[in-house]
Amino acid sequence: MRNNAYQQQEQYDHYVVDAPSELLEWLLANLKQSRSKVKATLQGRGVRVGGKVVTQFDYRLEPGMKVAVSKVKKAAELKSRYVRLVYEDRHLVVVEKQAGILSMAAGHSSLTVKAVLDDYFRRSNQRCTAHVVHRLDRDTSGLMIYAKEMQAEQILEHEWHERVYDRRYVAVVSGEMERDEGTVASWLRDNKAYITYSSPVDNGGKYAVTHYHTLARTTQHSLVEYVLETGRKNQIRVHSADIGHPVCGDVKYGNGDDPIGRLCLHAYVLCFVHPITNRRLEFETPVPVAFRKLFK
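Residues numbered from 1 in each chain as written. Predicted model: local features only at pLDDT ≥ 70, side-chain atom pairs only at ≥ 80, totals over all residues. Heavy atoms only, no water.

Draft legend 1. Quick peek at unusual backbone geometry. Phi angles above zero are rare outside glycine, and Asn125 is one such case at about 55°. Asn125 gets classed as buried once you look at its relative accessible area, which sits at 15%. In this structure, Asn278 takes a positive phi of about 65° despite not being glycine. When you line up the elements, Asn278 lands in the loop between β16 (265-273) and β17 (280-284). (Buried < 20%, exposed > 50% of the residue type's maximum accessible area, 1.4 Å probe, protein only. Helix = DSSP H or I, 4+ residues; strand = E, 2+ residues; numbered from the N terminus.)

Draft legend 2. Quick peek at the confidence of the model for the chain. Chain-level pLDDT for the chain is 90 on average; 94% of the residues reach the 70-or-more range. For the chain, helix α1 (residues 2-10) is the element with the lowest average pLDDT, namely 37, and strand β10 (residues 141-147) is the one with the highest, namely 97. Note that residues 1-9 has pLDDT below 50 and, in this model, five contacts with residues that lie over four places away or in other chains. (pLDDT = per-residue confidence, 0-100. Contact = heavy atoms within 4.5 Å.)

Draft legend 3. The arrangement of the layout of surface pockets in detail. Empty space within the largest pocket amounts to approximately 1000 Å³. In terms of lining, the largest pocket is formed by 37 residues, of which the most central are Arg135, Gly231, Arg232, Lys233 and Asn234. Where the lining of the largest pocket is concerned, the elements lending two or more residues are α5 (150-158), α6 (160-163), β11 (164-174), β12 (181-190) and α7 (235-242). For the lining of the largest pocket, a count of residues per class yields 13 nonpolar, 10 polar and 14 charged. Within this model, the second largest pocket holds a volume of roughly 530 Å³. Lining of the second largest pocket is provided by 18 residues; of these, Arg45, Lys52, Val53, Val54 and Arg90 occupy positions nearest its centre. Listing elements by their share of the lining of the second largest pocket, those giving two or more residues are β3 (47-49) and β4 (52-53). Among the residues forming the lining of the second largest pocket, the class breakdown is five nonpolar, five polar and eight charged. (1 Å grid on protein atoms, 1.4 Å probe; cavity = no way out; pocket = protein on both sides within 12 Å on 5 of 7 lines; lining within 4 Å. Points joined across faces, edges and corners; volume = space filled by probe spheres on them. Nonpolar A, V, L, I, M, F, W, Y, C, P; charged D, E, K, R; others polar.)

Draft legend 4. Representation of the pairing of strand β15 (residues 221-228) in the model. Burial of β15 is extensive: seven of the eight residues sit out of reach of the surface. Relative to β15, β11 is paired through seven bridges, and the arrangement is antiparallel. Note that in β15 the partner of Arg168 across the bridge is Val227. Here strand β14 (residues 206-217) pairs with β15 via seven bridges, running antiparallel. Looking at the pairing, Tyr212 lines up with Tyr226 of β15. The loop that links β14 with its antiparallel partner β15 comprises three residues. (Pairing = 2+ DSSP bridges.)

Draft legend 5. Representation of the nonpolar core. Counting residues in hydrophobic clusters, the biggest one holds 42 residues, and the most contacted among them are Val83, Val95, Leu117, Tyr146, Tyr169, Tyr226 and Val247. Listed by contribution, the elements that provide at least two residues to this core are β8 (92-97), α4 (113-123), β10, β11, β15 and β16. Those residues in contact with Tyr146 that sit more than four places away from it in its chain are Leu92, Val93, Val95, Ser103, Val113, Lys114, Leu117, Ala130, His131, Val132 and Val133. Judged by nonpolar contacts, the second largest core, of 15 residues, contains Leu92, Leu143, Ile145 and Ala152. (Core = buried A, V, L, I, M, F, W, Y, C linked by side-chain atoms within 4.5 Å.)

Draft legend 6. Molecular detail of helix α3 (residues 35-43). Every buried residue of α3 is listed here: Val38, Thr41 and Leu42. In a view along the axis of α3, the buried residues occupy a sector of 100°, so they form one face of it. Exposed residues pointing more than 90 degrees away from the buried face of α3 are listed as Ser36 and Gln43. The inward-facing, buried residues of α3 abut α2 (23-30), β3 and β6 (66-70). Following α3 by one or two positions, Arg45 has its phi on the positive side, about 65°. (Arc of directions from axis to C-beta.)

Draft legend 7. Summary view of the pairing of β10. Counting buried positions along β10 gives seven out of seven residues, so the element sits mostly inside the fold. Two strands pair when backbone bridges link them, and β8 and β10 are joined in this way by six bridges, in the antiparallel orientation. From the neighbouring strand, Leu92 faces β10, where its bridge partner is Ala147. In the sheet, strand β9 (residues 131-132) pairs with β10 via two bridges, with the strands oriented antiparallel. Across the sheet, residue Val132 finds its bridge partner in β10, namely Tyr146. Inspection of the sheet shows β10 paired to β16 by two bridges, in the parallel sense. By the bridge assignment for β16, Gly142 is matched with Ala267.

Draft legend 8. Representation of empty space enclosed by the protein. One pass over the structure, following the stated rule, counts one cavity of 30 Å³ or more. One number sums up the size of the largest cavity: a volume of about 30 Å³. Forming the walls of the largest cavity are His134, Leu136, Leu143, Arg167, Tyr169, Ala267, Val269 and Leu270. If you list the elements that add at least two residues to the lining of the largest cavity, you get β11 and β16. The leading source of residues in the lining of the largest cavity is β16, at three residues. In terms of residue class, the lining of the largest cavity is built from six nonpolar, one polar and one charged.

Written as structure tokens, this is what we have:
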């Protein structure tokens, strides 16, 4: 452990502040670097004040504060064809995952969002790991939160339904939807083969409610927005099949309709109250291009 800490320290130049100043002004005055390079170091999480990463240009420095500036030429970036970093602070990250990658390890698969994030944290000298807060199926794409510390993870896990105030999915479903909007409610229960069964009466499973809104339709397919009132396993996929319009590309609950060679389900809106700062954070990704092309 001591060697690792020593190597970590050696990657930074250390300074002590001698007069009040804003961080960007202080860096420009004390580092022999261009304004663009100093800004890039700040935005790339290469500056620490009192041991904590700071990215705010106007962060207030007071005499005696300790500033560490990374010697690494370029801050690590999250580069993955499966995961895009949408938002990051010291407590959590929001990412957009592609179809085909697991949220976390299961069985022998090593391709997981958690593994991609842990690698990024290691390369950017962040002493944290990705804590799974919620999951998306391997073949579902879209927005996800991962905590960077136990406190944030525990709060999000225990207060999920209070903190997440808008969570929407968009799907391409098979056939032309008859209704513009509606609600599906049923009890969902898994059998021994992990197939989720839906029942209009209590079957010992969990009660699930899904609201839907038709965004576009052709005679072959419909583009549908789903809002979850409850977050049960495979809820949208099972409820879609219940109303006679299964999600396209769904090998488990579908009807063989597979227009683009993937499960056509995408988590595109995620709004929640931050577990530590209590700020409202709202994220939206575009409907996947492959989905939209079916409705031109």
